[in-house]
Amino acid sequence: MARTRRADYQRSNRIRTLPLDDPEAAAVAASRVLRARDATDRQRLGTELLALLAAQAGTGVPELVVPDEHQPHRRSGGRIVYSLQGDYRRRAPSPADPRVARGGRPLGRIRVLNRTPARGDLVRPTAFLNTLLHEFCHHYDVERLGILHSFHTSGFHARLRHLRDQIEAGRGDGLDEAADPGRAGNSRRAGRTIDPLRPRRVAGAPAPPADEPAPAAVRALPLLERLWSIILAR
Ligand SMILES: [Zn+2]
């Protein structure tokens with residue numbers, strides 16, 4: 001059966017959970033990520049968390065890179081209208097072993113920027129962790145659910161919520177501001193969520209193609225404001 005974007009969208013909407021075998025272990029690893037600040041520590045501890053999540057969720061371990069760089073962003077009228085907090089990409093499978101990319105590298109690669117777009121402050125811990133978990137959900141979509149076009153459907157957000165809820169329950173506290181009193185207040189500066197696979201209407205942009213599912217479910221869940229770039233190189 002030909003795989004279509006619509007089929008991926010509908011499958012993504014149907015599946016609401018992302019069960020972990022051992023949420024407590026994931027919670028411990030997530031707490032370490034929340035305590036990290038510099039890019040090197042966040043990359044190392046984030047990789048440990050991803051390895052745990054991958055083992056528990058039945059995926060390969062994605063690579064994580066944490067550039068110590070400002071989030072790429074765009075300004076309009078002097079204001080930042082969106083920024084890229086993170087992204088998920090797929091490498092082409094190796095001809096010799098399609099389970100990995102050339103050189104044995106992981107097929108999935110997550111990137112989370114470590115600095116805010118304008119001032120270059122450190123991204124606050126909860127925002128960093130939320131972006132990491134969000135990108136892991138894209139990885140889960142592709143590797144576990146076979147959803148090649150990983151849309152921001154209501155099902156996607158339900159899976160992300162389920163993942164977060166399990167980790168929060170394992171921590172015994174929240175992943176929100178209580179754990180992060182040093183919030184820098186940067187989260188509202190990015191104004192739009194744009195996903196190349198999920199065309200959305202922005203000022204002056206053409207309407208999405210008629211065969212695209214309505215993005216209302218996506219709009220209803222503005223989890224974090226960010227620009228998502230998902231490129232699934234097949
Ligand atoms: Zn996304």
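Along each chain, numbering runs from 1 in the same order as the chain's sequence is written. For a predicted model such as this one, the threshold for reporting local features is a pLDDT of at least 70, and the threshold for listing and counting side-chain atom pairs is 80 or more; totals across whole chains, interfaces and linings nevertheless cover every residue. By convention in this description, side-chain values take in all heavy atoms of the structure and omit both hydrogens and water.

## Focus on the coordination of the zinc ion
Part 1: Only N, O and S atoms count as donors, using a 2.8 Å limit from the metal and a wider 3.2 Å limit for Na, K and Ca, and since water is excluded some coordination spheres may look unfilled. Taken together, the protein donors to the zinc ion comprise H134 (NE2), H138 (NE2) and H152 (NE2), at separations of 2.0 to 2.1 Å.
Part 2: Spacing between the donor residues of the zinc ion along their common chain follows H-x3-H-x13-H. One end of the pair, H138, is in helix α4 (residues 125-143); the other, H152, is in the loop between α4 and α5 (154-171), and 14 residues separate them in sequence.
Part 3: With relative accessibility at 0%, the residue H138 sits in the buried group. Segments assigned H or I by DSSP are reported as helices when at least four residues long, segments assigned E as strands when at least two residues long, and all are numbered from the N terminus. For every residue, the accessible area (1.4 Å probe, protein chains only) is compared with the maximum for its type, and the residue is labelled buried under 20%, exposed over 50%, or partly exposed between those bounds.

## Considering the environment of P23
Part 1: For P23, the position within the fold is in helix α2 (residues 23-35).
Part 2: Classification of P23 by relative accessible area gives buried; the value is 18%.
Part 3: With near-sequence residues (within four places) excluded, P23 lies in contact with Q56, Q166 and G170. Here a residue-residue contact requires only that any non-hydrogen atoms of the pair lie within 4.5 Å.

## A closer look at the pattern of salt bridges
Part 1: Counted as salt bridges are all cases of a side-chain nitrogen of Lys or Arg within 4 Å of a carboxyl oxygen of Asp or Glu. Under the counting rule described, the total for this entry stands at 11 salt bridges.
Part 2: Between E143 and R90 there is a salt bridge, and its shortest N-O distance comes to 2.7 Å. Placement of E143 in helix α4 and of R90 in strand β4 (residues 86-90) is noted, with a sequence separation of 53 residues between them.
Part 3: Exposure remark for E143: the relative accessible area of 27% places this residue in the partly exposed category.
Part 4: Across the pair R99 and D97 runs a salt bridge, and its minimum N-O distance is 3.0 Å.
Part 5: The exposure class assigned to D97 is partly exposed, which follows from its relative accessible area of 23%.
Part 6: Each of D87, R89, R109 and R111 takes part in salt bridges that share partners, so that together they form one network.

## A closer look at the side chain of S83
Part 1: Considering the arrangement of structural elements, one finds S83 in strand β3 (residues 79-83).
Part 2: Separated by 3.2 Å, the side chains of S83 and Q71 make a polar contact. Any pair of nitrogen or oxygen atoms within 3.5 Å is treated as a polar contact; in protein, a donor-acceptor pairing is required on top of that, and neighbouring residues in sequence qualify only through side-chain atoms on both sides.

## Things to note about the environment of A29
Part 1: Residue placement: A29 occurs in helix α2.
Part 2: What makes A29 buried here is its relative accessible area of 4%.
Part 3: Put simply, A29 and L52 are 23 residues apart on the chain and 8.1 Å apart in space, counted from C-alpha to C-alpha.
Part 4: Once you skip the residues sitting within four places of it in the chain, A29 turns out to touch L49 and L52.

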